[in-house]
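A closer look at the structure
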Amino acid sequence: RLYWLLRVILSLFIGVVIVAVQFTGDWETGWVRANTSYKSFSNAVVNADVGLHVGLGGINVTLVGNPVNQINETISYNEHFAWRFGENYDQAYRDSLEKGLPSPILYVAEKFTQQSPCSVHNQYRISGHYASATMWVAFCAWLISNMLFSMPVLVYGGYMSLVTGIFMIFSLLSFSTIGNSPLCTIQFGPVSLHTVYGASFWLTLATSLLCFLIGGVVVVLHYLRPRVLRAFFDLSEDEEEGDMMLGWVPRSVLLLAPAPFLESGSARKGRDVPSWGAASPTNGFNPAVIGSPRADGRGAKPATSQGRGVCLAQGGSDWRLSEPGPALKRAASGSPAEAWLPGPRWSEGRW
């Protein structure tokens, strides 16, 4: 249960991060406290914190007064300007002019218009678009890795975790190609507003490294410690030589096989287990039983030494080798829900 809880938490964390960071506005952030004019055609000066938050789809400009109530107004603004494909950034800026937003907000937003000498609008727009696209590819890879981890193909789930991390790195590289122009200095009197990579950027980087770690550990354990890996994912594990083999067969198949399954790995390697039983008009096959007839005439009695039989019995959703027992009794009774097949061929320790 602890392993299952750990797997679920890690998987949900990765998926939530991949989706959430595409709609956050703190891939780049910057704050500055300054005394600045409040509105155009006014001599009023306020002391306020001006913030710039850059996301993949636009920017948020904040203005918070110190204190909030100044010049008989409440100074607390948070304005969003989108540049995603299908959005008109310049039109949003013109609408802000018509609404008469405070001068610091308009001044910062003007730096990212297409007519601005900064020339950063297209850089941010295209870089954000490709960063978002690669993040969606990473999300698809994450979904595929979860499906593969739920099946007995764990190594491919590890590979897809590595692919998820790779595309997240591509997204970070796409966003980091943006270069700040010298003409794009945001100046408020003697102080300047500078941006640095924000929480979403570093969270994406940490999540991509986590994907690399998970994928790398799964791949390494697949080749070095497969039993530990399958136990962690709560799957039936292939035992080492000398142990019994857990097989994957259809649910309605019950298999009876002779003693070579119980021999050591070195003795059974390269040996083919012969087919036992003949066709029956009822179910197509007769169960194969090794040993002498019973005294009561109800069939063959399994031997207790090298000739003893084993059967592949159902356990949950799997089938596994076991000693003759209830499964053998059900087979002898000719249960219609169980089909008896000839013995398998053993080669190199696998079905």
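Residues numbered from 1 in each chain as written. Predicted model: local features only at pLDDT ≥ 70, side-chain atom pairs only at ≥ 80, totals over all residues. Heavy atoms only, no water.

Before going further, it helps to examine the overall build of the protein. Along its length, the protein carries nine helices and 14 strands. The contacts in the protein between residues at least 6 apart in sequence include a share of 64% that link residues at least 24 apart. Surface accessibility of the protein: about 18800 Å² in total, with carbon and sulfur atoms responsible for 60%. (Helix = DSSP H or I, 4+ residues; strand = E, 2+ residues; numbered from the N terminus. Contact = heavy atoms within 4.5 Å. Areas by Shrake-Rupley, 256 points an atom, 1.4 Å probe, with all protein chains shown as cover.)

The next point concerns the pattern of salt bridges. Applying the stated criterion across every chain yields a total of two salt bridges. As a salt-bridge pair, Asp49 and Arg33 come within 2.7 Å of each other at their nearest N and O atoms. Of this pair, Asp49 sits in strand E2 (residues 45-54) while Arg33 is found in strand E1 (residues 28-37), placing the two residues 16 residues apart along the sequence. (Salt bridge = Lys/Arg side-chain N within 4 Å of Asp/Glu carboxyl O.)

Here the focus is the pairing of strand E3 (residues 58-70). Pairing of E2 with E3, which is carried by seven bridges, proceeds in the antiparallel orientation. Paired with Val54 across the two strands is Ile59, which belongs to E3. Connecting the antiparallel pair E2 and E3 is a turn made up of three residues. In this sheet, strand E4 (residues 73-82) lies alongside E3 in antiparallel orientation, the contact comprising nine bridges. For Val64, the partnering residue across the bridge sits in E4 and is Ser76. (Pairing = 2+ DSSP bridges.)

This part is about helix H3 (residues 103-110). With six of its eight residues buried, H3 lies for the most part within the structure. Considering only its buried residues, H3 is in contact with E1, E2, E3, E4, helix H2 (89-99) and strand E5 (186-188). (Buried < 20%, exposed > 50% of the residue type's maximum accessible area, 1.4 Å probe, protein only.)

Turning to the packing of helix H1 (residues 2-20) against helix H4 (residues 121-149), a few remarks are in order. With their axes 9 Å apart at the nearest point, H1 and H4 run at an angle of 160° to one another. One element, H1, and the other, H4, form an angle in the roughly antiparallel class. In this structure, H1 crosses over H4, and the sense of that crossing is left-handed. From H1, Ser11, Ile14, Gly15, Ile18 and Val19 reach across to H4, where they touch Met135, Trp136, Ala138, Phe139, Trp142 and Asn146. Looking at the contact of H1 with H4, its residues break down into eight nonpolar, three polar and no charged. (Axes fitted to C-alpha atoms, helices over the stretch in contact; angles between N-to-C directions. Parallel < 35°, antiparallel > 145°, perpendicular 65-115°, else oblique. Left-handed = near helix turned anticlockwise from the far one by under 90°. Nonpolar A, V, L, I, M, F, W, Y, C, P; charged D, E, K, R; others polar.)

The residue Thr29 is located in strand E1 in this model. Excluding residues within four positions of it along the chain, Thr29 makes contact with Leu52, His53, His194, Thr195, Val196 and Gly198.

With that settled, consider the UniProt feature "transmembrane region" (unreviewed entry) in the protein. The residues that UniProt annotates with the feature "transmembrane region" (unreviewed entry) are residues 5-23, 130-149, 156-179 and 199-224. Here residues 130-149 is 100% helix and 0% strand, with 29 Å between the C-alpha atoms at its ends. (UniProt positions renumbered as here; feature names shortened; annotations may be inferred.)

With that settled, the discussion passes to the packing of H4 against helix H5 (residues 154-176). For any two helices packed against each other, the geometry is given by the interaxial angle and the distance between the axes. Two elements in contact, H4 and H5, have axes separated by 8 Å at closest approach and are oriented at 170°. It follows that H4 is roughly antiparallel to H5 by the angle criterion. Among the residues forming the contact of H4 with H5, the class breakdown is 18 nonpolar, nine polar and no charged.

The next thing to look at is the pairing of E1. As paired elements, E1 and E2 share 10 bridges and run antiparallel to each other. Residue pairing across strands places Thr36 opposite Val46, the latter belonging to E2. Relative to strand E7 (residues 196-197), E1 is paired through two bridges, and the arrangement is antiparallel. Residue pairing for E7: Glu28 is matched across the bridge by Tyr197.

Attention now moves to the nonpolar core. By size, the foremost hydrophobic cluster in this structure holds 48 residues, and its most contacted members are Ile18, Leu52, Ile59, Leu63, Val108, Phe112 and Phe188. Top contributing element to this core by residue count: H4, with six residues. Here Ile59 is in contact with Leu52, His53, Val54, Glu79, His80, Phe81, Trp83, Tyr89, Ala109 and Phe112, once residues within four sequence places are set aside. In this structure, Phe149, Leu154, Leu229 and Phe233 belong to the second largest nonpolar core, which totals five residues. (Core = buried A, V, L, I, M, F, W, Y, C linked by side-chain atoms within 4.5 Å.)

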